[in-house]
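# Residue-level structural notes
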Amino acid sequence: MVLEKLVSVSEALRHPWWMFIVGGAISVICLFISFLIFPQSVGLFTTFLITIAMTPFMVRLITYEETTTEEEIERNIHGGFLDKHGDILSIYTSFFAGVIIFLSIVFLMLPETTVQKLFEDQIKEINLIRGSVLFGGTLERIVVNNIGVLILSVILSFLFGAGAIFILSWNASILATAIGLTAKSIGGIGSLPLAVLVYFPHGSLEILAYFIGAIAGGMISVSFTKRESKLFWPVTKDSLLLVGTAIVILIVAGLIETASIAISK
């Protein structure tokens, strides 16, 4: 595959911000391919294509992370959270930041009729979310919904290795659409930085938690397939600690989002 030649795990680890360009380019290409061959549901098909494109790379990345974790456990190395998982988090962050920013720019630059067609699925989802907020968007509702997405990320990543890429890509496209809608309402493409800041406080924490869940599920998956591995339970314990960390992050994100909703009202 061309993508495999362009970006290797070792290259991504050395230059994680290169994944920002990769994420942006792949998302835009997948968006327009979807528009051409599956115009009835461009948003969902775009997410499928991004998942297909990135799965081989993400599987190799998760395998690397699980192997590194096993080596640290064997050597009795006890590093901090960022020391142990900072590299893979930076790659995830760079890639999906690229997806969000590039799709936001596409949203703002194209004619309104084209945008409505390209982002129809995401706009519908945003309207559903806004309706939920208007009719009782409490902290409990927000946190429970986000933890549900986290659990789904863990399960998909466990079952399919990089299966959580679908959930992450879908949520990234929704966030990009929300940013695009906000930027349009306050002045257009020049207002993009301000629109990003509107969603950054809670949105970045939610996406980070989903990243952590995807990493945790993938690590358990790889360790589970190594049937002879004596480190399955230590790796699983480390992964469960990651999930616990992600839940705490989602609670903080929920508090921030609830406060922002109360202020906007």
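Here is what the cut-offs are and how they apply
Residues numbered from 1 in each chain as written. Predicted model: local features only at pLDDT ≥ 70, side-chain atom pairs only at ≥ 80, totals over all residues. Heavy atoms only, no water. Helix = DSSP H or I, 4+ residues; strand = E, 2+ residues; numbered from the N terminus. Buried < 20%, exposed > 50% of the residue type's maximum accessible area, 1.4 Å probe, protein only. Contact = heavy atoms within 4.5 Å. Areas by Shrake-Rupley, 256 points an atom, 1.4 Å probe, with all protein chains shown as cover. Salt bridge = Lys/Arg side-chain N within 4 Å of Asp/Glu carboxyl O. Axes fitted to C-alpha atoms, helices over the stretch in contact; angles between N-to-C directions. Parallel < 35°, antiparallel > 145°, perpendicular 65-115°, else oblique. Nonpolar A, V, L, I, M, F, W, Y, C, P; charged D, E, K, R; others polar. Core = buried A, V, L, I, M, F, W, Y, C linked by side-chain atoms within 4.5 Å. Phe/Tyr/Trp six-rings, centres within 6.5 Å; stacked < 30°, edge-to-face > 60°. Expected span 1.5 Å × (residues − 1). pLDDT = per-residue confidence, 0-100.

Each helix and strand in the protein was counted, giving 11 helices and zero strands. Residues counted as buried form 49% of the 265 residues belonging to the protein. Put simply, of all contacts in the protein between residues at least 6 apart along the chain, 77% involve residues at least 24 apart. As displayed, the protein offers around 13000 Å² of accessible surface, 71% of which is attributable to carbon and sulfur atoms.

What follows deals with the pattern of salt bridges. Counted by the stated rule, this structure contains three salt bridges. In this structure, lysine 184 and glutamate 112 form a salt bridge, with 2.8 Å as the shortest nitrogen-oxygen distance. Remark: glutamate 112 occurs in helix α6 (residues 112-118) and lysine 184 occurs in helix α9 (residues 164-186); sequence separation between them is 72 residues.

Look at α9 against helix α10 (residues 192-225): their axes get within 9 Å of each other, and the N-to-C directions meet at 170°. In terms of orientation, α9 lies roughly antiparallel with respect to α10. Touching Ala164, Leu168, Asn171, Leu175, Ala178, Ile179, Thr182, Ala183 and Ile186 of α9 are Leu192, Leu194, Ala195, Val196, Val198, Tyr199, Ile207, Tyr210, Phe211 and Ala214, all from α10. Residue composition of the contact of α9 with α10, by class: 17 nonpolar, two polar and no charged.

Attention now moves to the nonpolar core. By size, the foremost hydrophobic cluster in this structure holds 72 residues, and its most contacted members are Met19, Met54, Phe57, Tyr92, Phe95, Phe96 and Phe119. Each residue touching phenylalanine 95, except ones within four places of it in the same chain, is listed here: Met19, Phe20, Val22, Gly23, Ile26, Ile50, Met54 and Met58.

What follows concerns the environment of proline 16. As for its placement among the helices and strands, proline 16 is situated in the loop between α2 (9-14) and α3 (18-37). As for proline 16 and isoleucine 88, which are separated by 72 residues in sequence, their C-alpha atoms are 8.6 Å apart. For proline 16, the contacting residues outside a window of four places in its chain are Ser90, Ile91 and Ser94.

As for its placement among the helices and strands, serine 239 is situated in helix α11 (residues 232-264). Look at serine 239 and you get buried, because its relative accessible area is 0%. Leave out the neighbours within four places in its chain, and serine 239 touches Ala216, Met219 and Ile220.

Our next topic: the packing of helix α8 (residues 139-160) against α9. One way to put it is that α8 packs onto α9 with a least axis distance of 7 Å and a crossing angle of 145°. Taken together, the residues of α9 that come into contact with α8 (itself represented by Val149, Leu152, Ser153, Leu156 and Ser157) are Ala164, Ile167 and Asn171. Residue composition of the contact of α8 with α9, grouped by class: five nonpolar, three polar and no charged.

Another aspect to go through is the environment of phenylalanine 224. Mapped onto the fold, phenylalanine 224 is located in helix α10. With relative accessibility at 43%, the residue phenylalanine 224 sits in the partly exposed group. In sequence terms phenylalanine 224 and phenylalanine 158 are 66 residues apart; their C-alpha atoms lie 9.1 Å from each other.

This part covers the packing of aromatic side chains. Inspection of the entire model under this criterion finds eight aromatic pairs. Ring geometry for phenylalanine 20 against phenylalanine 102: centres 5.8 Å apart, planes inclined by 65°, an arrangement best described as edge-to-face. Placement of phenylalanine 20 in helix α3 and of phenylalanine 102 in helix α5 (residues 81-109) is noted, with a sequence separation of 82 residues between them. Judged by its relative accessible area of 26%, phenylalanine 102 falls in the partly exposed class.

A few words now on α3. Helical periodicity: at 3.6 residues per turn, an α-helix aligns residues three or four positions apart in one direction. With 20 residues, α3 should cover 28 Å at 1.5 Å per step; its first-to-last C-alpha distance of 29 Å lies within 8% of that length. Those residues of α3 that sit buried are Met19, Val22, Gly23, Gly24, Ile26, Ser27, Val28, Cys30, Leu31 and Ser34.

Attention now goes to α8. Given a rise of 1.5 Å per residue, 22 residues ought to cover 32 Å, and the 31 Å separating the end C-alpha atoms of α8 matches this to within 8%. Every buried residue of α8 is accounted for by Ile142, Val143, Asn146, Ile147, Val149, Leu150, Ser153, Val154, Leu156 and Ser157.

Moving on to the confidence of the model for the protein. Chain-level statistics for the protein give a pLDDT mean of 83 and a share of 86% at 70 or above. Mean pLDDT per element in the protein: helix α1 (residues 2-6) is the minimum at 60, and α3 is the maximum at 93.

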